[in-house]
Amino acid sequence: MYLPVLLVVIQEIMFLKNMNKAVIVANGDITDLETFALCCENAFVAAADGGLRYVLAAGITPDLIVGDFDSSDQKTAQDTGCGEIIRLPVNKDLTDTEF
């Protein structure tokens, strides 16, 4: 249900910003924020829920935020200046990155 919409959003943003790579950041452990930031240069950056904290810690404004906001705060997501935020239902059988 969400995947076709998500793919269209990603394709549109990547086309408009002339990007040819994408980085999808999930919740986990990123210990080297400098290297992470280098990987995100000139890339479409999507933060999946808890991955938002690493994106923000690296000083990156994500192009897309997707999640049910059980691992991050929706107000923080709205305050990033990110143009696209997709809120997923809390009760689901898939993880935020599987959407």
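Described in the following lines is the structure provided in the data block.

Procedures and definitions
- Residues numbered from 1 in each chain as written.
- Predicted model: local features only at pLDDT ≥ 70, side-chain atom pairs only at ≥ 80, totals over all residues.
- Heavy atoms only, no water.
- Helix = DSSP H or I, 4+ residues; strand = E, 2+ residues; numbered from the N terminus.
- Buried < 20%, exposed > 50% of the residue type's maximum accessible area, 1.4 Å probe, protein only.
- Areas by Shrake-Rupley, 256 points an atom, 1.4 Å probe, with all protein chains shown as cover.
- Pairing = 2+ DSSP bridges.
- Axes fitted to C-alpha atoms, helices over the stretch in contact; angles between N-to-C directions.
- Disulfide = S-S within 2.5 Å.
- Core = buried A, V, L, I, M, F, W, Y, C linked by side-chain atoms within 4.5 Å.
- Contact = heavy atoms within 4.5 Å.
- Right-handed = clockwise from strand over helix to strand, strands pointing away.

Tallying secondary structure elements over the protein gives four helices and four strands in all. Sequence-ordered secondary structure for the protein, helices as α and strands as β, is α-β-α-β-α-β-α-β. Expressed as a percentage of its 99 residues, the buried residues of the protein come to 40%. In the form shown here, the protein has an accessible surface area of approximately 6,100 Å², with 53% of it arising from carbon and sulfur atoms.

With that settled, consider the sheet that holds strand β3 (residues 64-67). Within the open sheet, the four strands sit side by side as β1-β2-β3-β4. Their pairing is parallel. Each edge of the sheet is formed by a strand with only one pairing partner; in this case those strands are β1 (22-25) and β4 (85-87). When strand polarity is set aside, the average angle formed by the axes of neighbouring strands in this sheet is 15°. Relative to strand β2 (residues 44-48), β1 is paired through four bridges, and the arrangement is parallel. In the sheet register, Val25 faces β2, and the bridge partner there is Ala47.

So, on to the state of the cysteines. Note on terminology: a disulfide is the covalent bond linking the sulfur atoms of two cysteines. Inspection of every chain in the model, using the stated rule, returns zero disulfides. Cys39 takes part in no disulfide bond, and the closest cysteine sulfur to it belongs to Cys40, at a distance of 6.5 Å.

Let us look at the environment of Thr31. Positionally, Thr31 belongs in the loop between β1 and α2 (33-40). Among the residues examined, Thr31 registers a relative accessible area of 77% and is labelled exposed. For the pair Thr31 and Tyr54, spaced 23 residues apart in sequence, the C-alpha to C-alpha distance is 9.2 Å.

As for its position among the elements, Ile86 is in strand β4. Residue Ile86 is classed as buried on the basis of its relative accessible area of 16%. Put simply, Ile86 and Val66 are 20 residues apart on the chain and 4.8 Å apart in space, counted from C-alpha to C-alpha.

Core analysis: the largest hydrophobic core is formed by 16 residues, its most contacted members being Val25, Phe36, Cys40, Val45, Val55, Ile60 and Ile65. Counting only elements with at least two residues in this core, the list comes to β1, α2, β2 and α3 (52-57). With three residues, α3 is the single largest residue contributor to this core. Beyond its immediate stretch of four places on either side in the chain, Ile65 contacts Ala47, Leu52, Ala77, Thr80, Cys82, Glu84, Ile85 and Ile86.

With that settled, the discussion passes to the pairing of β3. Burial of β3 is two-sided: the residues Leu64 and Val66 facing one way and the residues Ile65 and Gly67 facing the other way are all buried. Inspection of the sheet shows β2 paired to β3 by three bridges, in the parallel sense. Bridged to Ala47 within β3 is Ile65. One ladder, built from three bridges, connects β3 with β4; its direction is parallel. Considered in β4, the bridge of Ile65 is made with Ile85. For the crossover that starts at β3, traverses helix α4 (residues 74-79) and ends in the parallel β4, the hand is right-handed.

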